[in-house]
Amino acid sequence: MIRKKTILRAFLLIIFGIFCGNYANGQKKISRKDYIDTYKDWAIKDMPKSGIPVSIKLAQAILESGDGNSELARKSNNHFGIKCHNDWTGKRVYHDDDAKGECFRAYKNPLDSFEDHTIFLTTRSRYQKLFDLNPTDYRAWAKGLKECGYATNPKYAELLIKIIEENELYKYDTDGGKDLRKRKPSSTKKEKGIVVNPFSAREVKYNNGVKYIEVQRGDTYQSLTNELKFKEWQLSNYNDIPTNADISEFRYLYIESKRNNAHPSNNFHTVKEGDTMHSISHKYGMKLNKLYKFNSMEKVDELNTGQRINLRKKSK
């Protein structure tokens, strides 16, 4: 009898050890509440910049990643089920979805996935009509995503709406989108573009997820500064130009800080005749000082035609 009890105790200890090992290795499922608490701040911070409702971003992440428990989310940090598409040059993984062995994007961390989701929606023409919608109308956004072809599931919109309403995610659209909801066009005429500039009737577009406006005839540095209600340094800082720059030579100017590196689809640039480090940084919506750093160059260094310029990281 003692031997049987000893064997049973040993067996239970083994089972407990396996369970604890799985728990320690991150196999314990994430609850929906924990998932929302973990990632809501990223979505809240993103909404005033991108125009994507917090409720929609979180609901898509919850649905596509299974609250962060899917294999794609756990192993590849892909929380939005975004497939590779032709422009993706980053890491890839393959899973069965609509077809067998489909290509999906893989990220270094979940934040990269959240940021790429923003870039994915704001830079593709098929989704542009979404940004004409009221940013607090999550129902219209959910239906719009389905109409634009984000997912093949015929009940995709209904599933998003259910997640939003069951978890009251719409509350974050008010708190997270305060700045965005105050923005109103300067006339009653409906503006075209992704996000309406709060101080101007100009169309706002995106490059590398960074807002920019096209330069019009007669624009000057000072006139744009006044129109946008900017401080004297802002246009200069955002575009790496002096405050007395002749902006007529630019087709467009950024109205917020550029990113530290280029979009994941652009790892490097091959120098063409007439290129400068500034024109390259402007083209890819990335900071000029980062471009110099990635290429171990100084401002006095000259470019050569055919030279390869790193856009995302410093070469080893």
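What you see is a predicted model, and the numbers here were worked out from it, not measured in a lab.

Draft legend 1. Inspection of the nonpolar core at higher detail. Within the largest apolar cluster, 38 residues are counted, with the highest numbers of intra-cluster contacts made by Ile56, Leu121, Tyr127, Leu130, Leu145, Tyr150 and Leu169. The set of elements that each furnish at least two residues to this core consists of α2 (32-50), α3 (54-65), α5 (110-122), α6 (138-147) and α7 (156-166).

Draft legend 2. Structural context of the environment of Tyr107. Mapping Tyr107 onto the fold places it in the loop between β2 (102-105) and α5. A relative accessible area of 10% places Tyr107 in the buried class. C-alpha of Tyr107 to C-alpha of Lys91: the two residues are 16 residues apart in sequence and 7.0 Å apart in space. Contact partners of Tyr107, with chain neighbours within four places excluded, come to Ser76, Asn77, Asn78, Ile82, Trp88, Asp112, Ser113 and Asp116. There is a polar contact of 2.6 Å between the side chain of Tyr107 and the side chain of Asp116.

Draft legend 3. The state of the cysteines, seen in detail. Taken as a whole and judged by the stated rule, the model has 1 disulfide. Between Cys84 and Cys103 runs a disulfide, and the two sulfur atoms are separated by 1.9 Å. Sign of the S-S torsion, about -65° for the bond between Cys84 and Cys103, identifies this disulfide as left-handed. Here Cys84 is found in the loop between α4 (71-76) and β1 (92-95), whereas its partner Cys103 is found in strand β2, with 19 residues between them in sequence. Both residues of the pair, Cys84 and Cys103, count as buried.

Draft legend 4. The arrangement of the pattern of salt bridges in detail. This model, assessed by the stated rule, comprises 9 salt bridges. The residue Glu71 makes a salt bridge to Lys75 at a minimum N-O spacing of 3.5 Å. One end of the pair is Glu71 and the other is Lys75, both in helix α4 and 4 residues apart, which spans about a single turn. The exposure class assigned to Lys75 is exposed, which follows from its relative accessible area of 61%. Between Glu102 and Lys83 there is a salt bridge, and its shortest N-O distance comes to 3.0 Å. With Glu102 in strand β2 and Lys83 in the loop between α4 and β1, this pair connects stretches of sequence that are 19 residues apart. A relative accessible area of 18% means that Glu102 is categorised as buried.

Analysis parameters
Residues numbered from 1 in each chain as written. Predicted model: local features only at pLDDT ≥ 70, side-chain atom pairs only at ≥ 80, totals over all residues. Heavy atoms only, no water. Core = buried A, V, L, I, M, F, W, Y, C linked by side-chain atoms within 4.5 Å. Buried < 20%, exposed > 50% of the residue type's maximum accessible area, 1.4 Å probe, protein only. Helix = DSSP H or I, 4+ residues; strand = E, 2+ residues; numbered from the N terminus. Contact = heavy atoms within 4.5 Å. Polar contact = N/O pair within 3.5 Å; in protein donor to acceptor, adjacent residues only side chain to side chain. Disulfide = S-S within 2.5 Å. Salt bridge = Lys/Arg side-chain N within 4 Å of Asp/Glu carboxyl O.

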